[in-house]
Amino acid sequence: MTALSNVSDIVSGVLADVAKREAEVPFQEIKAQSRDMAPTRDVRAAILRQGCGVIVEIKRTSPVFGPTGISSSIASVARDIEAGGAHLIACQTERLRFGGSLIDMATAREAVDLPMVCRDIILDPYQIHEARCYGADMIPLQVGLMDQHRLESLLDRIESLGMECMAEVRTIEEADRALSAGASIIAVNSWSFDTNDLDRDAFSQIEPGLPSEVLRVSLGGVRNGKDVLAAASQGADVVLAAESVMSDEDIRVATMRLAAAGQHPACPSRR
């Protein structure tokens, strides 16, 4: 299977999955529910805390590493991440490749006070309202998977519900498109979407072109405190870690190691 057909299959699969859910809960119903939710938690305040922040992603499995080996309940995992000093929690909700669940995200959010980042392939307005109903405070948009009109439309819808949009980019061109659409939180994803290759230079190549007011997220390949310091030295305001924490026997301690590096006096900070 070629990379292009792989991407096409993933997109088609996501849209087909959304259509099934919409057949069960109509768009107007999920839209009304989403506008009746409690206020969102402050994502920007969490990111703008001193030092380099850490987002830990709850993930059951991945196409690259396989099952992460989570043995505790999702609520317990979320509480361990919060106790370890993470600034935000992300939850993988994409079902086709990652075995994710919106219920996992709702469970995690109910267990903690931290803002919640929905990690999914968002392509349809239905998903935005749905994620809000399950507790999302920030939603990603994969810039490379959509045209400019859809990007701008989905970004506006996310913000209209009081959530933050995290524009995920992998190239300088995608970053420019995200900025043109009005994105103010840019996540540089070092994992390629089609081949799952890791490009550790992606952030350093894209970051210099971002305006100073844009919040910068380094996403992918964070394994230890050294990686946190490296990302911060390149301008990251926050990093996202998943497998390195999820695969550890002690999630709280694994989170604490990363968070401590981000708060160390020697850690560079743009603020």
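Further up the page is the structure itself.
Let me sum up the structure you'll find in this document.

Let us now look at the nonpolar core. Counting 72 residues, the largest nonpolar core has Ile 58, Ile 81, Ile 139 and Leu 141 as its most contacted members. When residues in this core are grouped by element, the largest group, 5 residues, is from helix H1 (residues 3–24). By size, the runner-up hydrophobic cluster in this structure holds 16 residues, among which are Val 43, Ile 55, Met 166 and Leu 219.

Below, the discussion takes up the environment of Ser 244. The topology assignment puts Ser 244 in helix H12 (residues 243–246). What makes Ser 244 partly exposed here is its relative accessible area of 23%. Distance from Ser 244 to Arg 223, taken between C-alpha atoms, is 5.2 Å for residues 21 residues apart in sequence. A distance of 3.0 Å separates a polar atom in the side chain of Ser 244 from the backbone oxygen of Val 222.

Our next topic: the pattern of salt bridges. Taken as a whole and judged by the stated rule, the model has 14 salt bridges. Salt-bridge contacts for Asp 17 lead to Arg 95; the nearest nitrogen and oxygen are separated by 2.9 Å. Taken together, the residues Asp 17 in helix H1 and Arg 95 in helix H5 (residues 95–98) connect sequence positions 78 residues apart. In this structure, Arg 216 engages Glu 207 in a salt bridge whose closest nitrogen and oxygen atoms are separated by 2.7 Å. Taking the relative accessible area as the measure of exposure, Glu 207 reaches 14% and is therefore buried. The structure contains a network of salt bridges with shared partners spanning Glu 57, Lys 59, Arg 119, Glu 168 and Glu 243.

Bringing the packing of helix H7 (residues 125–133) against helix H8 (residues 148–160) into the picture now. At a closest axis distance of 10 Å, the pairing of H7 and H8 adopts a crossing angle of 20°. Judged by the inter-axis angle, H7 sits roughly parallel to H8. For the element pair H7 and H8, the recorded crossing hand is right-handed. Taken together, the residues of H8 that come into contact with H7 (itself represented by Pro 125, Ile 128 and His 129) are Leu 154, Arg 157 and Ile 158. Split into classes, the residues belonging to the contact of H7 with H8 amount to 4 nonpolar, 1 polar and 1 charged.

A few words now on the pairing of strand E8 (residues 238–241). Alternating residues of E8 divide into Val 238 and Leu 240 and Val 239 and Ala 241, and every residue in both groups is buried. Across 4 bridges, the pairing between strand E1 (residues 53–58) and E8 is parallel. Its bridge partner being in E8, Val 56 is matched across the sheet by Ala 241. Relative to E8, strand E7 (residues 215–219) runs parallel, the two being bridged by 3 bridges. Pairing of Leu 219 across the sheet is with Leu 240, part of E8. Crossover connection from E7 via helix H11 (residues 225–233) to parallel E8: handedness right-handed.

Reading guide: rules and limits
Residues numbered from 1 in each chain as written. Predicted model: local features only at pLDDT ≥ 70, side-chain atom pairs only at ≥ 80, totals over all residues. Heavy atoms only, no water. Core = buried A, V, L, I, M, F, W, Y, C linked by side-chain atoms within 4.5 Å. Buried < 20%, exposed > 50% of the residue type's maximum accessible area, 1.4 Å probe, protein only. Helix = DSSP H or I, 4+ residues; strand = E, 2+ residues; numbered from the N terminus. Polar contact = N/O pair within 3.5 Å; in protein donor to acceptor, adjacent residues only side chain to side chain. Salt bridge = Lys/Arg side-chain N within 4 Å of Asp/Glu carboxyl O. Axes fitted to C-alpha atoms, helices over the stretch in contact; angles between N-to-C directions. Parallel < 35°, antiparallel > 145°, perpendicular 65-115°, else oblique. Left-handed = near helix turned anticlockwise from the far one by under 90°. Contact = heavy atoms within 4.5 Å. Nonpolar A, V, L, I, M, F, W, Y, C, P; charged D, E, K, R; others polar. Pairing = 2+ DSSP bridges. Right-handed = clockwise from strand over helix to strand, strands pointing away.

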